[in-house]
Amino acid sequence: MSECIFCKIVAGEIPSKKIYEDSEFFAFLDIFPAGRGHTLVIPKAHHEDIHSLPEELYGSLAKVAKRVADLLQDKLHSEGTTIFQMNRESGWQTVFHIHMHVIPRWSGDALHKPWDIKPADEAELASLHQLLSE
Ligand code: 5GP
Ligand code: ZN
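The structure reproduced in this document is the subject of the present report. (Residues numbered from 1 in each chain as written. Chains lettered and ligands numbered in written order. Predicted model: local features only at pLDDT ≥ 70, side-chain atom pairs only at ≥ 80, totals over all residues. Heavy atoms only, no water.)

## Here we look at the coordination of the zinc ion (ligand 2)
The coordination sphere of the zinc ion (ligand 2) contains the protein donors Cys 4 (SG), Cys 7 (SG), His 46 (ND1) and His 97 (ND1), at a distance range of 2.0 to 2.3 Å. Coordination geometry of the zinc ion (ligand 2): the four donor atoms subtend angles of 105 to 117° at the metal centre, consistent with an arrangement described as tetrahedral. Spacing between the donor residues of the zinc ion (ligand 2) along the chain follows C-x2-C-x38-H-x50-H. When sorted by exposure, Cys 4 lands in the same class as Cys 7, which is buried. (Donors = N, O, S within 2.8 Å, 3.2 Å for Na, K, Ca; no water. Tetrahedral: all angles 85-135°; square planar, octahedral: opposite > 155°, others 65-115°. Buried < 20%, exposed > 50% of the residue type's maximum accessible area, 1.4 Å probe, protein only.)

## Points about the pairing of strand S3 (residues 39-43)
When you tally the buried positions in S3, you get five out of five residues, the bulk of the element. Side chains of S3 alternate between two faces, with Thr 39, Val 41 and Pro 43 and Leu 40 and Ile 42 buried alike. Bridge count between strand S2 (residues 25-29) and S3: five bridges; the pairing is antiparallel. Paired with Phe 25 across the bridge in S3 is Pro 43. As paired strands, S3 and strand S5 (residues 100-105) are joined by three bridges and run antiparallel to one another. By the bridge assignment, Thr 39 is partnered in S5 with Val 102. (Helix = DSSP H or I, 4+ residues; strand = E, 2+ residues; numbered from the N terminus. Pairing = 2+ DSSP bridges.)

## Comments concerning helix H3 (residues 122-133)
In this model, H3 (12 residues) spans 16 Å end to end at C-alpha, consistent with the 16 Å of a helix rising 1.5 Å per residue. The buried fraction of H3 amounts to zero of the 12 residues, a small share that puts the element mostly on the outside. (Expected span 1.5 Å × (residues − 1).)

## Side note on the pairing of strand S1 (residues 18-21)
Bridge count between S1 and S2: three bridges; the pairing is antiparallel. In the sheet register, Glu 21 faces S2, and the bridge partner there is Phe 26.

## Some thoughts on the sheet that holds S5
Strand order in the open sheet formed by five strands is S1-S2-S3-S5-S4, and the pairing between neighbours is antiparallel. In this open sheet, the two edge strands, each paired with only one partner strand, are S1 and strand S4 (80-84). This sheet shows a mean twist of 20° between the axes of neighbouring strands, independent of strand direction. Where S4 lies against S5, five bridges are found, and the strand directions are antiparallel. Looking across to S5, one finds that Phe 84 is bridged to His 101. Across the sheet, helix H2 (residues 55-76) lies against S1, S2, S3, S4 and S5, angled at about 25° from S5, the strand it touches most. (Axes fitted to C-alpha atoms, helices over the stretch in contact; angles between N-to-C directions. Contact = heavy atoms within 4.5 Å.)

## Looking at the site of ligand 1
Contacts to ligand 1 come from 16 residues, most closely from Leu 29, Asp 30, Thr 94, His 99 and His 101. Separating an oxygen atom of ligand 1 from a side-chain N or O atom of Asp 30 is a distance of 2.4 Å. Within the backbone of Thr 94, a nitrogen or oxygen atom sits 2.7 Å from an oxygen atom of ligand 1. Protein chains bury 85% of the 520 Å² of accessible surface belonging to ligand 1 in isolation. Looking at the shell around ligand 1, the elements that each hand over two or more residues are helix H1 (5-11) and S2. (Near = heavy atom within 4 Å. Polar contact = N/O pair within 3.5 Å; in protein donor to acceptor, adjacent residues only side chain to side chain. Areas by Shrake-Rupley, 256 points an atom, 1.4 Å probe, with all protein chains shown as cover.)

Set out below in structure tokens:
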């Protein structure tokens, strides 16, 4: 855990551009931003991902992400907001201390949806629905 860069940021051992802090959460500017104002919101306690995090803490993390999203919108006059939250290597997570990406958006900015838009196979949807709702 002591090797976790986000724990080091919380501890002040690695410098960061903090934009929000309370007793449980910390938010700071991403150093490889997807766009202007891209901010990471993290719990101060070390938890790896959504699956290992207590449900209530995830709820509180989302609440702080909303607060940060509002702050960014107010100060940067952004037109929209995109939230990303990656989990585990297969889910594109690269820093294994859970975090939410809060990305202010403007029409025509450089961000693209990370998936191709194509219709679902109806039979696959039906069987998935059955599996997931039983
Ligand atoms: P992930 O890929 O795990 O969802 O996101 C990790 C994010 O952390 C990336 O967007 C990356 O740019 C950011 N990041 C990695 N190292 C540092 C750092 O030392 N300082 C800051 N501010 N951001 C970092
Ligand atoms: Zn950590």
